Amino acid sequence: MFELKYHTPFEWTEAVLADFDSFLQDHAAAEKKASGMAMSMLSHYPDRKKLVRAMTDLALEELIHFKQVLKLLDARNVILGDDKKDDYIKQIRGLFRHGKDVFLMDRLLVAGVIEARGHERFSLVARALPAGKDKDFYVAIAKSEEKHKNLFVELAYEYFDKQEVDERLNAILIAEAKICEGLPFRAALH
């Protein structure tokens, strides 16, 4: 449906593989936060029936992903760990405009871009891992993120003019690329 404007270099994947336990902790935190974000959206927009149904399903799916990552951590005897501040998320949230409708549009589109970034990076991890359960898990997670990316844009099209959505999505993609360019590579999703 759309393409990211910044492509993560392999050096990011090397940082992830060098400290995979920390990456798993960060991944768990990201899934937990994604579930919470979906619950927040359905709570803030109870009058948007399609959004409520979609966010209910998403919240459950993200929580299942959290549980799956927790199993990977347990198998490695690694604790869940504290949630760390995510500079990427902080910066991308700075793109939200003020005003009821434009804020909702931005929330949907930013969420779609975040999911697209997750798809790209989980795909990189899947390609880099040796054959086995971890690789299979990350292949499945990447596919799920791609589905979520499209869901958010489809919801934006449901509630807003397609041309306006496309123009705003392009602006967000340009800004997101600049954010990614400025962040160091570490054993974290963002």
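Preceding this section is the structure that the text describes.
Thresholds, definitions, all that
Note that residues are indexed from 1 along each chain, following the sequence as it is written. pLDDT decides what is reported in this predicted model: residues at 70 or higher carry local features, side-chain atom pairs at 80 or more are listed and counted, and totals for whole chains, interfaces and linings draw on all residues regardless. Derived side-chain values reflect all non-hydrogen atoms in the structure, with water molecules and hydrogen atoms excluded from consideration. Numbering of helices and strands runs from the N terminus, with a helix taken as a DSSP run of H or I at least four residues long and a strand as a DSSP run of E at least two residues long. Here the expected span of a helix is defined as 1.5 Å times the quantity of residues minus one. Under the scheme applied here, a residue whose accessible area is under 20% of the maximum for its type counts as buried, over 50% as exposed, and between as partly exposed, the area being computed with a 1.4 Å probe on protein chains only. Residue contacts follow a heavy-atom distance rule, with two residues in contact if any of their heavy atoms lie within 4.5 Å. Only buried Ala, Val, Leu, Ile, Met, Phe, Trp, Tyr and Cys residues count toward a nonpolar core, and they belong to the same one when joined by side-chain atoms within 4.5 Å. Orientation is described by lines fitted to C-alpha atoms, with helices fitted over the stretch in contact, and by angles between N-to-C directions that extend from 0 to 180 degrees. Every angle not falling under 35 degrees, over 145, or within 65 to 115 is termed oblique; those three ranges are roughly parallel, roughly antiparallel and roughly perpendicular. Each helix crossing is assigned a hand: it is left-handed if the near helix lies turned anticlockwise from the far helix by less than a right angle, otherwise right-handed if that turn is clockwise. Amino acid classes used here: Ala, Val, Leu, Ile, Met, Phe, Trp, Tyr, Cys and Pro are nonpolar; Asp, Glu, Lys and Arg are charged; the rest, including Gly, are polar.

## Topic: helix α7 (residues 162-181)
The terminal C-alpha atoms of α7, which comprises 20 residues, lie 28 Å apart, in line with the 28 Å expected from a rise of 1.5 Å per residue. All of the buried residues along α7 are Val165, Arg168, Leu169, Ile172, Leu173, Glu176, Ala177, Ile179 and Cys180. Elements that come into contact with the buried residues of α7 comprise α4 (87-93), α5 (100-128) and α6 (133-159).

## Some points on the nonpolar core
Note that soluble globular proteins tend to have their nonpolar side chains buried in a common cluster. One finds Met41, Met55, Leu108, Leu109, Val113 and Phe152 to be the most contacted residues of the largest nonpolar core, which totals 37 residues. Of the residues forming this core, the biggest block, eight residues, is contributed by α5. Once residues lying within four places of it in the same chain are set aside, the contact partners of Met41 are Leu51, Met55, Leu104, Arg107, Leu108 and Phe152. If you look at the next biggest cluster of nonpolar residues, it comprises 22 residues, including Val16, Phe20, Leu72 and Ala142.

## Points about the packing of helix α2 (residues 20-44) against α6
Direction vectors running N to C along α2 and α6 enclose 30°, while the axes themselves pass 14 Å from each other. On the basis of their axis angle, the class for α2 and α6 is roughly parallel. Our pair here, α2 against α6, has a crossing hand that is left-handed. Along the contact surface, α2 presents Phe20, Phe23, Leu24, His27, Glu31, Met37 and Met41, while α6 presents Asp134, Phe137, Tyr138, Ile141, Glu145 and Phe152. Along the lines of polarity and charge, the residues of the contact of α2 with α6 split into nine nonpolar, one polar and three charged.

## Some points on unusual backbone geometry
A positive phi angle is found at Asn77, which is not glycine, with a value near 60°. Counting through the fold element by element, Asn77 comes out in the loop between α3 (49-75) and α4.

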